[in-house]
Amino acid sequence: MRVEKKSLIDEVAGHLKKSDYVILANYDKLTVADVAELRRRLVAHQAEFHVVKNSSLRVAAQALSLPSVDSALVGPTAIVVGGKNSPGVAKVLRDFIKEKQKVTLKVGILGQKLITAKDIEKLADMPSLEILRAQLLGLLNQPATLMVRVLNAVPQGVVNVLQAKVRAAEGS
């Protein structure tokens, strides 16, 4: 294998190792300004947009034991990788596609599973990791909060009874 080709494959493999997801897209209608804008939006989620050669992607994916994406490697291909917030990245892509209507999603890999473009859109509907953490924290705090309210109810009830007796005594 030529040194240049090996270098390209190693570069693509390095990109694929950056996250537990990879989203493949067709970018053929994008202008340079569109690509710059998409990359700027992805930075907020520590994600990256890279144009890759299909043959290099195929070899790098096989070397990393990723699911086969051969059926999607038709036409120009770009990958989106990086960061830990795959739902947030999917939302950025979905919104960009709706605005520009120049990009089409091909497939994705989430963990070690191949997902379709429809699955990527479903991923975009999921709450972000921060929101999920906040919801989990709320669920974990809920039993403790309820317990404090129950324990506080008994003394509060006694105070209410005593206040009622004081008001009744003052009224007489």
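Bear in mind the structure is a predicted one, so any value in this text is a computation, not a measurement.

Visitor: How should the sheet that holds strand β4 (residues 104–110) be read in this particular structure?
Guide: Sheet strands pair via backbone hydrogen bonds, and the direction of the pair is either parallel or antiparallel. Pairing is antiparallel across the open sheet formed by five strands, whose spatial order is β2-β3-β1-β4-β5. In this open sheet, the two edge strands, each paired with only one partner strand, are β2 (48–52) and β5 (113–116). Direction aside, neighbouring strands of the sheet carry axes that sit 25° apart on average. Sitting on the sheet, helix α2 (residues 32–43) is in contact with β2 and β3 (77–81), with an inclination near 140° to β2.

Visitor: Sorry, what's going on with helix α5 (residues 117–125) here?
Guide: Residues spaced three or four apart along an α-helix point in a common direction, a consequence of the helix completing one turn every 3.6 residues. Of the positions making up α5, those classed as buried are I120, L123 and A124. All buried residues of α5 fall inside an arc of 100° around its axis, so they share one side. Of the exposed residues in α5, those oriented more than 90 degrees away from the buried face are K118, K122 and D125. The elements touched by buried residues of α5 are β1 (21–26), α4 (86–100), β4 and β5.

Visitor: Can you help me understand the pairing of β3 in this one?
Guide: When a strand is regular, its side chains alternate between the sheet's two faces. Most of β3 sits out of view: five of its five residues are buried. Because side chains alternate across β3, one face comprises the buried residues T77, I79 and V81, and the other comprises A78 and V80, equally buried. One ladder, built from five bridges, connects β2 with β3; its direction is antiparallel. Bridge pairing links V51 to A78 in β3.

Criteria and cut-off values
- Residues numbered from 1 in each chain as written.
- Predicted model: local features only at pLDDT ≥ 70, side-chain atom pairs only at ≥ 80, totals over all residues.
- Heavy atoms only, no water.
- Pairing = 2+ DSSP bridges.
- Helix = DSSP H or I, 4+ residues; strand = E, 2+ residues; numbered from the N terminus.
- Axes fitted to C-alpha atoms, helices over the stretch in contact; angles between N-to-C directions.
- Contact = heavy atoms within 4.5 Å.
- Buried < 20%, exposed > 50% of the residue type's maximum accessible area, 1.4 Å probe, protein only.
- Arc of directions from axis to C-beta.

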